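Understanding the architecture of this molecule
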Amino acid sequence: MSELAAVLPGVLEKAGWSVPGGLVPVLAMFICASIVAAAMGLSAAVLVWAERKLAGHFQCRLGPVYVGGKFGWLQSIADGIKLLLKEDIIPADADRPLFRLAPYLVVLGVFLAFIAFPVSEKLMVADLNIGIFFILAVLTLEVFGVILAGWASNNKWALLGAMRAAAQMVSYEIPMGLAILPVVVEAQSLSLKSIVAAQSGGMLRWYVFQPPFFMGVSFLIFFLAGLASLKRAPFDLPEAESELTAGFHTEYSGMRFSFFFMAEYAGMILVSGLAAALYLGGWHGILPGQSGAMWFLLKTAFLVFVMIWLRWTLPRLRIDQVVYVGWKVLTPFVLACVLGQALMAYK
Amino acid sequence: MTAVRTYFSDVFMGLWTALVGMSITLRYLFSKPVTEMYPDVKPRTPTRYRGIHVFEEEKCIGCYVCAKACPVDCIEIGVVRKGKEIKITKFDIDYQKCMFCDLCCEPCPAHCIHMGPEFEKASFTRKGTILQFATPKTLTEEEKKVEKVARK
Ligand code: SF4
Ligand code: SF4
């Protein structure tokens, strides 16, 4: 963003617009925010299509084939238009202000997190020096949104879903946060830019492949905990269709529903991107010297693919199993990883 | 000690079984989809498929055997006989009742009624499901008198 703010006055002058100097940073912020919002919406649209298509093929079906030619390219646009045109229903007994607030909170959390999203060396909105910490912190906002949605709907399914979401997201925040620590210890920084920069020089320098694989294990844990905090299968209890209708967003319709939907898909990209940046070398290529946004996007896309793959492979867990895995498996393992990495750094 | 061992083997098995499952779904991802593009591409019905009947009017001798054989009485036949000349004036099958059992085709002495491959005969009205197989004919007054309509 700072680079954009630096070049913006020149561009504006060429275009023949005069903008007071004080407004330039504001304008740069605005542009960045619009780009992030557009990217979020677009990637969600692409992902919805990809997920439906892949889900089909995983089950020997074809997925969407009609809308927009052979591969159903326009399926998610059609879905989007449908969602826009749907009636916006607020139940009579719902808590109106909270009910309206909830979807925005959910989107806001993911949206804010994209600020520190490191697509490439140049292509990030802001290189915060506490980038990864910031992302984890704002992602927790999403839990508030979900709980509010469940509570304000005044619906037993929604409330049950929200309570499950709370139990699950709170218990998985811990392994997720701890899984980042080995990387932070190794890179000696919380800034995503310097964490990625520390992994330059080919595939073997990526943190996953560093023996003795403390970071490799924590990559797995981060990915699983990320899945759980995104409420994706096999951890999709908060919206378990077969038990809870649609879980915490049972009462939502139209655009408000699509906000939850968008947040989920944007969250998938976010978690995959973070995992790619933290453990898989971010924008660095497989061979030494290769780098670019392309690599980052490829790795992110691959991890998103794995998420979709997992969703169409595994059945949903029970709530006690989810909590068991969170507290009794992921947390001790990640603690061991943190301890091991810290001891290695100490010597 | 066993508890510790079970714990670690459970963790390992959890990961391993997930990987096995993923390898299976990956194999399916690259296998050929079984989807039939039904309204666009009509499926080939198997030989001996029991669909809508095929009726060969010119062979039919109007013997009512098929109508008698039908367990649900859904065939209605009208015949006009004049010496050796046989006119099939009506051959209706009510597909609301028909259960595609093939029992009408077996006894036909002239082998003129068969089960066909067709299956798309849904209709919005009850009348629409009664298919008329005989070509419509205008009958003279005299013929109308001798016309015999039988449903079993
Ligand atoms: S198929 Fe069976 S039910 Fe249908 S007309 Fe023939 S005998 Fe009757
Ligand atoms: S059994 Fe055969 S020949 Fe006799 S009426 Fe039926 S279709 Fe015609």
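Throughout, residues of each chain are indexed from 1 in the direction in which the sequence is written. As they are written, the chains are lettered A onward and the ligands numbered 1 onward, keeping that order. In view of the model being predicted, local features appear only for residues whose pLDDT reaches at least 70, and side-chain atom pairs are presented and counted only at 80 or more, with totals across whole chains, interfaces and linings using the full set of residues. Side-chain numbers come from the whole structure's heavy atoms, not from hydrogens or water.

Comments concerning the site of ligand 2
With respect to spatial proximity, 14 residues lie near ligand 2, and among them Cys60(B), Cys63(B), Tyr64(B), Cys66(B) and Cys108(B) are the closest. Looking at the shell around ligand 2 residue by residue, the classes come out as 13 nonpolar, one polar and no charged. If even one non-hydrogen atom of a residue comes within 4 Å of a molecule or strand, that residue is called near it. Note on residue categories: nonpolar means Ala, Val, Leu, Ile, Met, Phe, Trp, Tyr, Cys or Pro, charged means Asp, Glu, Lys or Arg, and polar means any other residue, Gly included.

As for helix H4 (residues 96-113) of chain A
All names here are of chain A. Here H4 spans 27 Å end to end across 18 residues, near enough to the 26 Å set by a 1.5 Å rise per residue. The largest bend along H4 reaches roughly 25° and is located at Ala102, with the proline Pro103 sitting one to four residues downstream. Among the residues of H4, Phe99, Ala102, Pro103, Leu105, Val106, Val107, Gly109, Val110 and Ala113 are the ones counted as buried. The contact rule is simple, with two residues in contact once any of their heavy atoms fall within 4.5 Å. Here a helix means four or more residues in a row that DSSP labels H or I, a strand means two or more in a row labelled E, and each is numbered from the N terminus. Contacts made by the buried residues of H4 are with helix H2 (23-58), helix H5 (131-139), helix H6 (141-152) and helix H11 (254-279). To estimate how far a helix should extend, the number of its residues minus one is multiplied by 1.5 Å. Bend at a given residue is defined as the angle between two axes, one fitted to the seven residues that end at that position and one fitted to the seven that begin there. Accessibility here uses a 1.4 Å probe with only protein chains present; expressed as a share of the type maximum, an area under 20% marks a residue as buried, one over 50% as exposed, and anything in between as partly exposed.

Some words on the interface of chain B and chain A
Often, the extent of an interface is quoted as the loss of accessible area upon association of its parts. Listed as interface residues are 18 residues of chain B and, on the opposing side, 20 residues of chain A. Buried surface area refers to the total accessible area, computed with a probe of radius 1.4 Å, that the two partners give up upon joining, counted for both partners together. A buried area of about 1,600 Å², summed over both sides, lies between chain B and chain A, and 75% of it is on carbon and sulfur atoms. Summed over the three residues of chain B that lose the most area to chain A, namely Tyr7(B), Met22(B) and Leu29(B), the buried surface amounts to 34% of that side. The term salt bridge refers to a side-chain nitrogen of Lys or Arg lying within 4 Å of a carboxyl oxygen of Asp or Glu. One can count zero salt bridges joining chain B with chain A. Whenever a nitrogen or oxygen atom comes within 3.5 Å of another N or O atom, the pair is scored as a polar contact, on the condition that within protein one atom can donate a hydrogen and the other can accept it, and that pairs from neighbouring residues in sequence are kept only if both atoms are in side chains. Where chain B meets chain A, there are six residue pairs in polar contact (both at pLDDT 80 or more). Within the side of chain B that touches chain A, the residues separate by chemical class into 12 nonpolar, four polar and two charged.

Topic: the domain arrangement of chain A
All names here are of chain A. The domain boundaries assigned to chain A delineate domain 1 (1-85) and domain 2 (94-346). Each domain's limits were defined by an automated method or a database of domain assignments. The C-alpha-based centres of domain 1 and domain 2 are spaced at 21 Å. Each partner contributes to the interface: domain 1 provides 19 residues, whereas domain 2 provides 23 residues. Approximately 2,000 Å² of surface area, both sides summed, lies buried where domain 1 meets domain 2, with 81% of it carried by carbon and sulfur atoms. Run the count over domain 1 and domain 2 and you get two salt bridges. Two residues, Glu51 and Arg311, come together in a salt bridge whose shortest N-O distance is 3.4 Å. Linking domain 1 with domain 2 are four residue pairs in polar contact (both at pLDDT 80 or more), by the criterion used here. For the side of domain 1 that touches domain 2, the secondary structure elements donating two or more residues are H2 and helix H3 (75-85). At 14 residues, H2 tops the list of elements feeding residues into the side of domain 1 that touches domain 2. Residue classes in the side of domain 1 that touches domain 2 are distributed as 14 nonpolar, three polar and two charged.

Some details on the site of ligand 1
By nearness alone, every residue bordering ligand 1 is listed as His53(B), Cys70(B), Pro71(B), Val72(B), Cys74(B), Ile75(B), Cys98(B), Met99(B), Phe100(B), Cys101(B), Asp102(B) and Cys104(B). Of the residues assigned to the shell around ligand 1, the class counts are 10 nonpolar, one polar and one charged.

A short note on the packing of helix H13 (residues 319-346) of chain A against helix H1 (residues 2-29) of chain B
To obtain an axis, a line is fitted to C-alpha atoms, over the contacting stretch when the element is a helix, and the angle between two such axes runs from 0 to 180 degrees between their N-to-C directions. Close contact between H13(A) and H1(B) brings their axes to 12 Å; oriented N to C, the two are set at 100°. In terms of their interaxial angle, H13(A) and H1(B) are classed as roughly perpendicular. For the pair H13(A) and H1(B), the contacting residues are Tyr324(A), Lys328(A), Val329(A), Pro332(A) and Phe333(A) in the first and Tyr7(B), Phe8(B) and Val11(B) in the second. Residues of the contact of H13(A) with H1(B), tallied by class, amount to seven nonpolar, no polar and one charged. Angular relationships are summarised with four words: roughly parallel below 35 degrees, roughly antiparallel beyond 145, roughly perpendicular across 65 to 115, and oblique for the angles in between.

Section: unusual backbone geometry
Residues and elements named next belong to chain B. Notably, Arg48 is not glycine yet its phi reads approximately 70°, a positive angle. Residue position: Arg48 is located in the loop between H1 and strand E1 (53-55). Looking at Arg48, the relative accessible area reads 81%, which means it is exposed. In this structure, Asp73 takes a positive phi of about 55° despite not being glycine. Its place among the elements puts Asp73 in the loop between helix H2 (65-69) and strand E2 (75-82). Since its relative accessible area comes to 28%, Asp73 is described here as partly exposed.

With respect to the side chain of Lys53(A)
Relative to the elements of secondary structure, Lys53(A) occurs in helix H2. Excluding its chain neighbours within four sequence positions, the residues that come into contact with Lys53(A) are Leu62(A), Gly63(A), Pro64(A), Val65(A) and Phe71(A).

Some words on the pattern of salt bridges
Residue and element names in this part refer to chain A. Here the structure, examined in full by the defined rule, presents 10 salt bridges over all chains. Arg232 serves as the salt-bridge partner of Glu51, at 3.0 Å between the closest nitrogen and oxygen. Placement of the pair is Glu51 in helix H2 and Arg232 in the loop between helix H9 (214-229) and helix H10 (241-244), with a sequence separation of 181 residues. Via salt bridges that share partners, Glu51, Arg232, Glu264 and Arg311 belong to a single interconnected network.

Quick notes on the packing of aromatic side chains
Here the aromatic set is Phe, Tyr and Trp, taking the six-membered ring for Trp, and pairing holds for ring centres within 6.5 Å; pairs whose planes are under 30 degrees apart are stacked, those over 60 apart are edge-to-face, and all others are tilted. In the structure shown here, the tally under the stated rule is 21 aromatic pairs over all chains. Look at Phe305(A) and Trp309(A): their rings are 5.6 Å apart centre to centre, the planes differ by 35°, and that puts the pair in the tilted class. Of this pair, Phe305(A) and Trp309(A) both sit in helix H12 (residues 293-311), four residues apart, which is roughly one turn of the helix. Members of the aromatic cluster, each reached through a chain of ring pairs, are Phe55(B), Phe91(B), Tyr95(B), Phe100(B) and Phe133(B). Sitting over the ring of Trp157(A), Lys156(A) keeps its end group 5.2 Å from the ring centre. The lysine or arginine in question, Lys42(B), covers the ring of Phe119(B), its NZ or CZ lying 6.0 Å from the ring centre. By definition, being over a ring means that NZ of Lys or CZ of Arg is both within 6 Å of the ring centre and within 35 degrees of the ring normal.

Examining the pairing of E2(B)
Burial analysis of E2(B) places six of its eight residues in the buried class, the great majority of the element. When DSSP finds two or more bridges between two strands, those strands count as paired. Remark: two residues form the turn of the hairpin made by E2(B) and strand E3 (residues 85-94) of chain B, two consecutive strands paired antiparallel; Gly83(B) in that turn has positive phi of roughly 65°.

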